[in-house]
Amino acid sequence: MSTDDDCLFCKIVARDIPATVVHESERALAFRDISPQAPTHVLVIPKAHFQDAPALASADPVALAEVVSVGAAVAETEGLDAFRLVFNTGAEAGQSVFHTHAHLLGGRKLEWPPG
Ligand code: 5GP
Ligand code: ZN
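Residues numbered from 1 in each chain as written. Chains lettered and ligands numbered in written order. Predicted model: local features only at pLDDT ≥ 70, side-chain atom pairs only at ≥ 80, totals over all residues. Heavy atoms only, no water.

**A word on the overall build of the protein**
Item 1. A count of helices and strands for the protein gives three helices and five strands.
Item 2. For the protein, the sequential pattern of α-helices and β-strands runs α-β-β-β-α-α-β-β.
Item 3. The globule rule puts the C-alpha radius of gyration for 115 residues at 13 Å, and the 13 Å found for the protein is close to it.
Item 4. With the C-alpha coordinates aligned to their principal axes, the bounding extent of the protein is approximately 35 × 30 × 25 Å.
Item 5. Here the protein, with 115 residues, has 40% of them falling under the buried criterion. (Helix = DSSP H or I, 4+ residues; strand = E, 2+ residues; numbered from the N terminus. Rg over C-alpha atoms; globule rule 2.2 N^0.38 Å. Buried < 20%, exposed > 50% of the residue type's maximum accessible area, 1.4 Å probe, protein only.)

Below, the structure is given as structure tokens:
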């Protein structure tokens with residue numbers, strides 16, 4: 001499995017840095033965002049290191065599908081009728097951690113378009 005010793009989310013996968021894990025599957029991990037932007041704000045990541053969603057899609061589409069499925073499972077557990085699952089891709093789009101992650105947001109009315 002690809003990992004990056006300098007990557008924050010790889011350290012969370014390895015449990016070297018603590019996180020509030022809400023769901024784990026073979027290829028994916030879901031944990032609460034440290035700075036929540038909605039009543040539910042969970043990050044869903046592949047356990048393997050890829051820099052963004054397109055890189056994951058190319059290298060391991062099964063893992064990308066599992067990230068989406070885990071997001072939906074967490075949304076159901078959280079009792080969300082509607083939710084947003086978003087991959088910020090590239091710094092200009094707001095990506096600050098370069099290990100693929102989906103933001104699962106819900107529990108309040110979400111505006112469109114996002115800022
Ligand atoms: P991005 O800006 O790359 O789309 O999202 C990165 C997310 O990771 C941000 O929402 C940020 O709050 C979250 N984050 C950054 N550092 C940590 C951390 O140490 N633990 C957790 N749980 N979330 C973090
Ligand atoms: Zn990583």
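From this point, the discussion proceeds with the structure in view.
**Some remarks on the coordination of the zinc ion (ligand 2)**
Item 1. Here the zinc ion (ligand 2) is held by C7 (SG), C10 (SG), H49 (ND1) and H99 (ND1), and the distances to it run 2.1 to 2.3 Å.
Item 2. If you look at the zinc ion (ligand 2), its four donor atoms make angles of 107 to 116° with each other, and the shape they trace is tetrahedral.
Item 3. In the primary sequence, the donor residues of the zinc ion (ligand 2) line up as C-x2-C-x38-H-x49-H. Highlighted residues: C7 in the segment before α1 (8-13) and H49 in the loop between β3 (40-46) and α2 (53-59), separated in sequence by 42 residues.
Item 4. Residue H49 is classed as buried on the basis of its relative accessible area, which comes to 16%. (Donors = N, O, S within 2.8 Å, 3.2 Å for Na, K, Ca; no water. Tetrahedral: all angles 85-135°; square planar, octahedral: opposite > 155°, others 65-115°.)

**Describing the site of ligand 1**
Item 1. For ligand 1, the set of nearby residues contains 16 residues, the closest of which are D33, G94, S96, H101 and H103.
Item 2. Between ligand 1 and the protein, one listed contact pairs a nitrogen atom with a backbone N or O atom of I34 at 3.3 Å.
Item 3. Side-chain polar atom of H103 to an oxygen atom of ligand 1: 2.8 Å apart, as the coordinates give it.
Item 4. Expressed as a share of its isolated accessible area of 520 Å², the protein-covered part of ligand 1 is 82%.
Item 5. By residue number, the principal contributor to the shell around ligand 1 is α1, which donates three residues.
Item 6. Across the shell around ligand 1, the residue classes tally to seven nonpolar, seven polar and two charged. (Near = heavy atom within 4 Å. Polar contact = N/O pair within 3.5 Å; in protein donor to acceptor, adjacent residues only side chain to side chain. Areas by Shrake-Rupley, 256 points an atom, 1.4 Å probe, with all protein chains shown as cover. Nonpolar A, V, L, I, M, F, W, Y, C, P; charged D, E, K, R; others polar.)

**Things to note about the pattern of salt bridges**
Item 1. In total, this model carries five salt bridges according to the counting rule given.
Item 2. The partner of E24 in a salt bridge is R15, with the nearest N and O atoms 2.9 Å apart.
Item 3. The partner of R32 in a salt bridge is E78, and the shortest N-O contact between them spans 2.7 Å. One end of the pair, R32, is in strand β2 (residues 28-32); the other, E78, is in the loop between α3 (61-77) and β4 (84-86), with 46 residues separating them in the sequence.
Item 4. Classification of R32 by relative accessible area gives partly exposed; the value is 33%.
Item 5. Through salt bridges that share partners, R15, E24 and K47 make up one connected network. (Salt bridge = Lys/Arg side-chain N within 4 Å of Asp/Glu carboxyl O.)

**What about the pairing of β3?**
Item 1. Taking burial as the measure, the seven residues of β3 include seven buried ones, the bulk of the element.
Item 2. Burial along β3 is two-sided: the face carrying T40, V42, V44 and P46 and the face carrying H41, L43 and I45 are both buried.
Item 3. With five bridges joining them, β2 and β3 adopt antiparallel strand pairing. Within β3, the position partnered with A30 by the bridge is V44.
Item 4. Note that β3 and strand β5 (residues 102-106) share five bridges and pair antiparallel. By the bridge assignment, V42 is partnered in β5 with L104. (Pairing = 2+ DSSP bridges.)

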